[in-house]
Amino acid sequence: MYDNYTSCYLSELLGTFILCLGVASGTFYEADGSQRTNYILTLSVIFTSIIINARIGGGDFNPGVTLTKYFCYENKQKIHIDNVIVNYCICQCLGALLSFLFYSSASNYTIVYKLRVSPHNTLFEGFVMEFVASFFTYFFIILVDQNKTMLNYPLKMFCCMASVAMGMSIGGATSGAGLNPAVGFGSSLARLFINGDIKEVNQLWIFVLAPIFASYCASKAFKSIKENYYI
């Protein structure tokens, strides 16, 4: 991991591209207009993307995960993440945007996936639920990532996917469970470019600020228990 930074950046861009294809293709609307997610399809695509790319650059595909690592990593790992964090976030957001634009062009310029707070909740409630969902997702991902006794690679990837599934189940009904600022950025901007409606980015701040705040809090929670549970 991090052996070749150019490969890492390409891996993050391609991995996020594939991840967002899973998000877009796994989202559909019911007759009443409510947004639903095919979790099996979505998680399968995400898992495949992680398995393919994780050994190259870490398989973050999420600025929130990258930030959590930035706050948690130490020593040599810290040096590496310091060197890649900005470019990682750029590649992740670019990969997400290209993915949603590609999916739109392949589906008659229709972007199915949309991050939005449920009409039954206030913006504050949507922010809180997005924070909670992102916090637990990032917290368990960093627990798995830093567990040196878990040497089984597929098992580690499966545990990370379980963390994502948990986060989606927590925030899905309230905010669509973005859990990923790149997904929010890519889907919202793609809709803006295609529909030309500035309202498409009205709630984007929720899906950027909540995960960023969650990444900081998750790293603090991890560090508070690290000495007791990690060698």
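Bear in mind that the values here come from a model prediction, so they are computed numbers and not experimental data.

Peer 1: Explain the pattern of salt bridges to me, please; I cannot follow it from the model alone.
Peer 2: A pair can form between side chains of opposite charge whenever their charged atoms are brought close. All chains considered together, the criterion is met by two salt bridges. A salt bridge links Asp60 to Lys69, with the shortest nitrogen-to-oxygen separation between them at 2.5 Å. Given a relative accessible area of 3%, Lys69 falls into the buried group.

Peer 1: Any chance you could explain the packing of aromatic side chains here in plain terms?
Peer 2: The geometry of an aromatic ring pair is captured by two quantities: the separation of the ring centres and the angle between the planes. Taken as a whole and judged by the stated rule, the model has twelve aromatic pairs. For the pair Phe139 and Phe140, a centre-to-centre distance of 5.4 Å together with 75 degrees between the ring planes defines the contact as edge-to-face. The class for Phe140 is partly exposed, based on a relative accessible area of 31%. An aromatic cluster is built from Phe131, Phe135, Phe136, Phe139, Phe140 and Phe213, whose rings are joined through pairwise contacts. Taking NZ or CZ as reference, Lys78 lies 3.6 Å from the ring centre of Tyr70, over its face.

Peer 1: Would you mind going over the nonpolar core with me for this structure?
Peer 2: It is characteristic of soluble globular proteins that their nonpolar side chains tend to be buried jointly. Of all hydrophobic cores here, the largest spans 51 residues; its most connected members are Leu19, Cys20, Val23, Ile50, Phe100, Val183 and Phe222. Listing elements by their share of this core, those giving two or more residues are helix H1 (5–25), helix H2 (39–57), helix H3 (63–72), helix H4 (75–106), helix H5 (123–145), helix H6 (153–175), helix H7 (181–195) and helix H8 (204–229). Broken down by element, this core gets its largest block of residues, ten residues, from H5.

Peer 1: Quick question: what am I supposed to make of a nonpolar patch on the surface here?
Peer 2: On the surface, Leu123, Trp205 and Leu209 cluster together into a nonpolar patch covering about 280 Å² of accessible area. Tracing the chain through its elements places Leu123 in helix H5. The exposure class assigned to Leu123 is partly exposed, which follows from its relative accessible area of 41%.

Peer 1: Help me understand the packing of H4 against H7, please; the structure alone is not making it clear to me.
Peer 2: When two helices pack together, their arrangement is given by the angle between their axes and by how far apart the axes lie. Where H4 meets H7, the closest approach of the two axes is 8 Å, and the angle between their N-to-C directions is 45 degrees. As far as their axial angle goes, H7 and H4 are oblique. Classified by chirality, the crossing of H7 by H4 is right-handed. In contact with Gln92, Cys93, Ala96, Leu97, Phe100, Leu101 and Ser104 of H4, H7 contributes Ala182, Val183, Phe185, Gly186, Ser187, Leu189, Ala190, Phe193 and Ile194. Grouping the constituent residues of the contact of H4 with H7 by class yields twelve nonpolar, four polar and no charged.

Calculation rules
- Position numbers for residues start from 1 in each chain and track the written sequence from start to end.
- Under the rules for a predicted model, residues below a pLDDT of 70 receive no local features and side-chain atom pairs below 80 are neither given nor counted, while totals for whole chains, interfaces and linings still include all residues.
- In computing side-chain properties, one takes all heavy atoms of the structure into account and sets aside hydrogens as well as water.
- Throughout this description, the term salt bridge denotes a Lys or Arg side-chain nitrogen within 4 Å of a carboxyl oxygen of Asp or Glu.
- Burial classes follow relative accessibility: with a 1.4 Å probe on protein chains only, a residue under 20% of its type's maximum area counts as buried, one over 50% as exposed, and anything between as partly exposed.
- Aromatic rings from Phe, Tyr and Trp, with only the six-membered ring used for Trp, were paired whenever their centres fell within 6.5 Å, and each pair was classed as stacked if the ring planes differed by under 30 degrees, edge-to-face if by over 60, and tilted otherwise.
- Criterion for a charge above a ring: Arg CZ or Lys NZ at most 6 Å from the ring centre, at most 35 degrees from the ring normal.
- As used here, the term nonpolar core means buried Ala, Val, Leu, Ile, Met, Phe, Trp, Tyr and Cys residues forming a set that is joined through side-chain atoms within 4.5 Å.
- In this description a helix means any DSSP run of H or I spanning at least four residues, a strand means any run of E spanning at least two, and both kinds are numbered starting from the N terminus.
- Like charges within 9 Å and nonpolar side chains (Val, Leu, Ile, Met, Phe, Trp, Tyr) within 5 Å are joined into patches, using only residues over 30% in relative accessible area that form no salt bridge.
- Every accessible area reported is derived by Shrake-Rupley at a probe size of 1.4 Å, with residue values counting cover from the shown protein chains alone.
- Here, axes are lines fitted to C-alpha atoms. For helices the fit covers the stretch in contact, and angles between N-to-C directions go from 0 to 180 degrees.
- Roughly parallel here means an angle under 35 degrees, roughly antiparallel means over 145, roughly perpendicular means 65 to 115, and every remaining angle is called oblique.
- Here a crossing is called left-handed whenever its near helix is offset anticlockwise from the far helix by less than a right angle, and right-handed whenever the offset is clockwise.
- When checking whether two residues touch, look at their non-hydrogen atoms; a contact exists if any pair is within 4.5 Å.
- Residue type decides the class: Asp, Glu, Lys and Arg count as charged, Ala, Val, Leu, Ile, Met, Phe, Trp, Tyr, Cys and Pro as nonpolar, and the leftover types, Gly among them, as polar.

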